[in-house]
Amino acid sequence: MHKLLVIALFVWSASVFADDPVGRVKTVTGDAFVTTTGKKVKAEVGSPVYQGSLIETGKNSSLGLTFKDETMVSFGANTVFTVSDYVYSPADGKLKFGSKLAKGSLNYVSGAIGKLKPDAVTVGTPSGTIGVRGTQFLVTVAE
Amino acid sequence: MKIAIPTLKGAPAGLVRGAFAGAVTVALAGCAPSYYVDREGCPAPCPPESYVVLIPSPDGSVGKVLVTGGKGEQSLGKAGQAATTDGQTFAVDDKRIKEDFGAAMAALPRVPVRHVLYFSDGVKLDPASDAEISRIVAEAKDRPAVDLTIIGHTDTLQSAEFNDRLGLKRANRVAELLKERGLKADSITVESRGKRNPVVPTRDNVFEPKNRRVEISVR
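Caption draft 1: Structural view of the overall build of chain B. Looking only at helices and strands, chain B features 3 helices and 11 strands. Sequence-ordered secondary structure for chain B, helices as α and strands as β, is β-β-β-β-β-β-α-β-β-α-β-α-β-β. Relative to its 219 residues, chain B shows a buried fraction of 40%. Restricting to contacts in chain B with at least 6 residues of sequence separation, those with at least 24 account for 66%.

Written out as structure tokens, the structure is:
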């Protein structure tokens, strides 16, 4: 009985993870990819992005995406970015935008999460962390 | 009624212009600042290859960014102010921003818009809000892979359960009308907050037209 319950919970949480896009690709030039739970697909306008998705752009390429809370992020060439933690549930105050920029360039524009709960927004880089207080900024990380 | 999100207004291409109206001081005094590095294709003085720079939001306001690394925390509060995670702060000019971030900035999606529609009773839209449905459809046509969130709200008359259902009916009604009038969307998410998120807070069991609404985020 216990075992069954655990499996049921796991399946339920997995389906929430997999079925619910947190954002969508709105602009792409050149070669860009979205990898979610190990599956890598070529990014196109409309491609869904999930919590945990890894976004990559190639040489002379770029990509822009808009999240559910209206946060926008866009990337120049040779970028690797991960949506590590995204929660947008304003009804019960659960808000989180955790991300990592491993390399490349990023343009960030705050959405509702950055306005309602600025502390909840972070962009990690290989050498530090950027915290946001409702604004727009740019980051570049060398390889 | 159309509400553009205040900090997201305007075209991204205009972001850099006017960013440096105020004089920006270079943090390090004396001879050539140590943060100027020799970068390929970048004539000196040149910022390091990895840095963060604050620029104004699309509405012109400037927020704040905290950069934390091995040498503590740097706070950036001025447009054009930049920092590295190893504690250096410096100014970056317009031209350098375009060189380092032009591609990323050009890839920024269109700024999302929000609409609020009001209901006179039940799922019947106010005439003005009904007319706005067609404007939303027209505007959404120009957006790539448009996705929407439609959230229904109620005033505090009746029970929580009743209002959760009514909020959902309102949101679904708006989704139907949008589709009937030709909206083509990649994704529409419909939700209800019932009476839990009033725009005008009231006691329970109070009639309040401003709370009988549906909020639409068009992205």
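Caption draft 2: Structural view of unusual backbone geometry. In the Ramachandran plot, A:Asn78 falls in the positive-phi region, its phi being about 50° despite a non-glycine side chain. Owing to 18 C-beta atoms within 10 Å, A:Asn78 belongs among the partly exposed residues under this scheme. A positive phi is found at B:Asn205, a non-glycine position, where the angle reads about 60°. Exposure remark for B:Asn205: the 11 C-beta atoms within 10 Å place this residue in the exposed category.

Caption draft 3: Layout of the environment of B:Cys42. With respect to the secondary-structure elements, B:Cys42 resides in the loop between β1 (2-3) and β2 (51-55). Of the residues examined, B:Cys42 has 15 C-beta atoms within 10 Å and is grouped as partly exposed.

Caption draft 4: Molecular detail of helix α3 (residues 160-180) of chain B. Residue and element names in this part refer to chain B. For α3, spanning 21 residues, the distance from its first C-alpha to its last is 30 Å, which sits close to the expected 30 Å at 1.5 Å a residue. If you check which residues of α3 are buried, you get Asn163, Leu166, Gly167, Arg170, Ala171, Arg173, Val174, Ala175 and Leu178. Among the structural elements, β7 (113-121), α2 (127-140), β9 (147-153), β10 (187-194) and β11 (213-218) are those in contact with the buried residues of α3. Looking one or two residues past α3, glycine 182 carries a phi angle of roughly 100°, positive in sign.

Caption draft 5: Seen up close, α2(B). All names here are of chain B. Under the 1.5 Å per step criterion, the end-to-end length of α2 is 21 Å for 14 residues, consistent within 8% with the ideal 20 Å. The complete set of buried residues in α2 reads Ser129, Ile136 and Ala140. Viewed end-on, α2 has its buried residues packed into an arc of 25°, placing them on one side of the element. Facing away from the buried side of α2, by more than 90 degrees, are the exposed residues Pro127, Ala128, Ala131, Arg135 and Ala138. Each element contacted by the buried residues of α2 is listed here: β7, β8 (124-125), α3 and β11.

Cut-off values and rules
Residues numbered from 1 in each chain as written. Chains lettered and ligands numbered in written order. Predicted model: local features only at pLDDT ≥ 70, side-chain atom pairs only at ≥ 80, totals over all residues. Helix = DSSP H or I, 4+ residues; strand = E, 2+ residues; numbered from the N terminus. Buried ≥ 20, exposed ≤ 12 C-beta atoms within 10 Å, placed from the backbone. Contact = placed C-beta atoms within 7 Å. Expected span 1.5 Å × (residues − 1). Arc of directions from axis to C-beta.

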